[in-house]
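Coordinates in review
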Amino acid sequence: MFQMMTIPNTERFLRIVEESRGDVVLHLPDDTSCSLKDSAVARQLLRVSRPGRSGLRLSLSDPADFSAFLKYMLEAGLERPA
């Protein structure tokens, strides 16, 4: 499981989710979880909301997918607002 504090480009993040080999699970504050690959409602939730102070908790069914998420987070940290 890993945690993201911000998602600066939601559509780019969701493309990474779609391209993942395994499942990408969002763990909600009420201890439930949902698949970002299978749930259109979960994807829409990400589009309209921003992570709070606790961030988003995610887990991957295929550990090989983590490198794409790590690259996204590192690149997002390098981007400067215009």
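Rules of the game
- Residues numbered from 1 in each chain as written.
- Predicted model: local features only at pLDDT ≥ 70, side-chain atom pairs only at ≥ 80, totals over all residues.
- Heavy atoms only, no water.
- Buried < 20%, exposed > 50% of the residue type's maximum accessible area, 1.4 Å probe, protein only.
- Helix = DSSP H or I, 4+ residues; strand = E, 2+ residues; numbered from the N terminus.
- Arc of directions from axis to C-beta.
- Polar contact = N/O pair within 3.5 Å; in protein donor to acceptor, adjacent residues only side chain to side chain.
- Contact = heavy atoms within 4.5 Å.
- Core = buried A, V, L, I, M, F, W, Y, C linked by side-chain atoms within 4.5 Å.
- Pairing = 2+ DSSP bridges.
- Axes fitted to C-alpha atoms, helices over the stretch in contact; angles between N-to-C directions.

**Here's the deal with helix α2 (residues 40-48)**
- Buried residues of α2: A42, R43 and L46, and no others. What you see down the axis of α2 is that its buried residues fit within an arc of 100 degrees, all on one side. Seen from the buried face of α2, the exposed residues on the opposite side, beyond 90 degrees, are V41 and V48.

**Some points on the side chain of S35**
- Within the secondary structure layout, S35 lies in strand β3 (residues 33-35).
- In this structure the side chain of S35 is engaged in a polar contact, spanning 2.6 Å, whose partner is the side chain of D23.
- Within the local environment of S35, its side chain forms a polar contact with the backbone nitrogen of D38, the two atoms lying 3.1 Å apart.
- Once you skip the residues sitting within four places of it in the chain, S35 turns out to touch D23, V24, V25 and A42.

**Observations concerning the nonpolar core**
- One finds F13, L36 and F69 to be the most contacted residues of the largest nonpolar core, which totals 18 residues.
- For this core, the elements supplying multiple residues, two or more each, are β1 (2-4), α1 (10-19), β2 (24-27), α2, β4 (56-60) and α3 (66-78).
- It is α1 that provides the largest number of residues to this core, a total of four residues.
- Those residues in contact with L36 that sit more than four places away from it in its chain are F13, V17, V24, L26, A42, R43, L46 and L58.

**Thoughts on the pairing of β2**
- The alternating pattern of β2 places V24 and L26 and V25 and H27 on opposite faces, both of which are buried.
- As paired elements, β2 and β4 share four bridges and run antiparallel to each other. Bridged to H27 within β4 is R57.
- The pairing of β2 with β3 spans three bridges and is classified as antiparallel.

**Thoughts on α1**
- Along α1, the residues that are buried comprise T10, R12, F13, L14, I16 and V17.
- Elements that come into contact with the buried residues of α1 comprise β1, β2, α2, β4 and α3.

**Side note on the environment of S59**
- Its location among the elements puts S59 in strand β4.
- Here the alpha-carbon distance between S59 and H27, two residues 32 residues apart in the chain, equals 7.8 Å.
- With near-sequence residues (within four places) excluded, S59 lies in contact with M1, D23, V24, V25 and H27.

**Observations regarding the sheet that holds β2**
- The antiparallel open sheet is built from four strands, whose spatial order is β1-β4-β2-β3. Because the sheet does not close on itself, it has two edges, and the strands there are β1 and β3. Going from strand to strand, the sheet's axes swing by 35 degrees on average, the running direction of each strand aside.
- Across the sheet, α3 is in contact with β1, β2 and β4; its angle to β1 comes to roughly 30 degrees.

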